[in-house]
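Residue-level listing of the chains:
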Amino acid sequence: MRVEVTAGDPLGVGADLVAVAAGPRASRLGAPERAIADADPVAIVYTDGAPLAVVSGDAHTAAALAVRACRGRTVAWALSADEPVGALAEGAVLGGYDPRGRSGVERFVICGASAELAPVAERAALVARWTNVARELVDGPPNVISPAGLAERAAALPGLRCEILDADEAGLSALAAVGGSGPIRPRLIVLRHEPSGAPDAPRLSFVGKSVTFDTGGYFLKTQADIVRQKADMGGGAAVLGALGAIAELGLPVSVTGVLPACENMLSGTAIRPTDVITTASGLTVEVTNPDAEGRLILADALWWTRRDGATHVVDLATLTGASRAALGDMYAGVFANDEAWRDAVVDAGNAGGDLAWPMPLHPRYRPLIDSTVADLRNTAGKSFGYAIIAATFIQQFAGEGPWAHVDMLGTALLDDDRGDAFGRGATGYGVRMLVELAARLAA
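Parameters and conventions
- Positions within a chain are numbered from 1, following the residues in the order the chain's sequence is written.
- Local features in this predicted model are restricted to residues of pLDDT 70 or higher, and side-chain atom pairs are both shown and tallied only at a pLDDT of 80 or more, whereas totals for entire chains, interfaces and linings draw on every residue.
- Neither water nor hydrogens contribute to the side-chain values; these are computed over all heavy atoms in the structure.
- Here, a salt bridge means any Lys or Arg side-chain nitrogen found within 4 Å of an Asp or Glu carboxyl oxygen.
- Note on classification: 1.4 Å probe, protein chains only; a residue is buried when its accessible area is under 20% of the maximum for its type, exposed when over 50%, partly exposed between these limits.
- Here a cavity denotes a set of grid points, spaced 1 Å apart and computed over the protein atoms alone, in which a 1.4 Å probe fits but from which it cannot get out, and a pocket denotes an open set meeting protein on both sides within 12 Å along at least five of seven lines; residues with an atom within 4 Å of a point are reported as lining.
- Grid points are joined across faces, edges and corners, and a volume is the space filled by probe spheres set on the points.
- Numbering of helices and strands runs from the N terminus; a helix is a DSSP stretch of H or I covering at least four residues, while a strand is a stretch of E covering at least two.
- Only Asp, Glu, Lys and Arg are considered charged in this grouping, and only Ala, Val, Leu, Ile, Met, Phe, Trp, Tyr, Cys and Pro are considered nonpolar; every other residue, Gly among them, is considered polar.
- In this description, strands pair whenever DSSP reports at least two bridges between them.
- All axes here are fitted lines through C-alpha atoms, helices being fitted over the stretch that makes contact, and every angle between N-to-C directions spans 0 to 180 degrees.

Caption draft 1: Focus on the pattern of salt bridges. In total, this model carries 28 salt bridges according to the counting rule given. For D38, the salt bridge identified is with R34, shortest N-O distance 3.5 Å. Measuring nitrogen to oxygen at the nearest pair gives 3.8 Å for the salt bridge that ties D225 to K221. Residue D225 is classed as partly exposed on the basis of its relative accessible area of 29%. Through salt bridges with shared partners, a single ionic network connects R161, E163, R192, E194 and D308.

In C-alpha cells:
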C-alpha cells in the first residue's frame, strides 16, 4: 500500500472511499448526526460521490477499519485537528494486510496535512510494511515456511548480507540436537546490517527463536495447542522484519539478526526425556522436557552472537505459555541482566506499539535448574515461575554485556480479534520494538 500526504480536499483525490473520524469533521463532510452516533466502529454514508465512512476509536485502529471497509483501491482520510499522521499511516498499512495475499487498497491518502508531515507518514508506513512481512511469515504454512523456506526469504532481503550456517558444521550442537528430529536440516540464519561509517560500538544483535513447527517432541502437544505451532518462529520473523526495515531506513548502527531455525518433530531421532546434550558453549544440559526446546536453540544462538562480537543483545521468543497466562495477548514480558537495558527495551516497545512489561530475574531461581547428571536441566520440575525459570536458563548463555529476553508467546498470534488494527492471526510483534530500539541507539 502507498501512503500519501496532501493538503488537498479528500473529495478531490479520486477516492473509492472517504473516511473520517466521528466528530465535527464528519459533520462538515455531510455525515448526519445519526451516522456519527452509530459509528460503532464504522458507519457508511452513501452520497452522490464516494461513500463516506465515519469511524470511531483511536486513529491507529480507525485507519485500519477504514481500509478494511473499502471495496476499491483508494481511501482518502479527512484529517481532523491533532490526529497523529504516523498512527494513521501505520494503522492503514497494518489494516490492509491479508493473510491470503489478496490485493486490496493500494493508496491511502491523508488529506488536509502539510507536506512537512510526509516523512513521518512514510517512516510509519515503511515499518508497518515490514511488520506485515513478519505477519506473512508467521501466518505461512509450515510446509512452506520451513527452516529452508525461512532461509530463502532471508537470503532475498535487499540491503543485507546473509549467511546460512549448517548447525552441525558450525558446532551448534543444541540446535543440531533439536533440529535433528526432522527431515529438514537445522541452520543458523545470520543477517547483517553494516552501514559504512557506523561506529564500532554498539554492535547490536537480535536473536529470534525460529522453530518453524513445534510438535513438542516426545512431550507431544495437545490437539488444541499443536495447531498454533507454525507461529513458534514468531521471534525469528520479527528479527527478519526488523532487519529489513532497519536496512531500508539506513540506520547508522551495526545490527545483526540471528535466527536459529529448525523443527521440533516427533521421530526416532528426536531428543528424549533424560538425554544429556552438550551445548555450543560447552555446558551440558539434561533434557527434562523435550517441549522446552526453544531455550536450547537460543542457548547456542546467544553463545554464537557473543562470539561474533555483539555488545548489546535482545532475544525474542514465543517461549512459555506462562507468559501468555500472566500478560494475556497485549503485553510481552521482558527479562534482562541489566536493569537499564531492560527498561530501554520496554520503553522502545511501548513507544513503537509493541507493548512490553518488565519482568524479574532473581538468583533464587538459578538452583532450580541444577541437574544431578549435567551442568543444567532445561526445566525445574516446579509448578511455579515457568517464564522466569526459562529466562534464568537462557541467561546462563547470554555472556557478558547487556542482554534482554522478550517472552512474546501471547502477542505473536491472536486467537481473537482484539478490536485493534490487527484482527485475528499474526501481529508481527517485535518488529516495531526492535526498529525503535535500533533507531534510539543510532541516535
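After presenting the structure, the write-up continues.
Caption draft 2: Geometry of empty space enclosed by the protein. Counted by the stated rule, this structure contains two cavities of 30 Å³ or more. Estimated volume of the largest cavity: approximately 70 Å³. In this structure, the largest cavity is lined by H193, E194, R203, L204, S205, S254, V255, T256, T305, D308, G309 and A310. Secondary-structure elements contributing two or more residues to the lining of the largest cavity are β9 (203-208) and β11 (254-264). Classifying every residue of the lining of the largest cavity by side-chain character gives three nonpolar, six polar and three charged. Size it by volume and the second largest cavity reaches roughly 30 Å³. Lining the second largest cavity, in full, are A134, V138, G234, A237, A238, M408, A412, G428 and Y429.

Caption draft 3: Layout of the sheet that holds strand β5 (residues 74-78). The six strands lie next to each other as β1-β6-β5-β2-β4-β3, forming an open sheet whose pairing is mixed. On the outer flanks of this sheet lie β1 (2-6) and β3 (42-45), each paired with one strand and no other. Adjacent strand axes in the sheet meet at a mean angle of 25° when their direction is disregarded. With four bridges joining them, β3 and strand β4 (residues 52-55) adopt antiparallel strand pairing.

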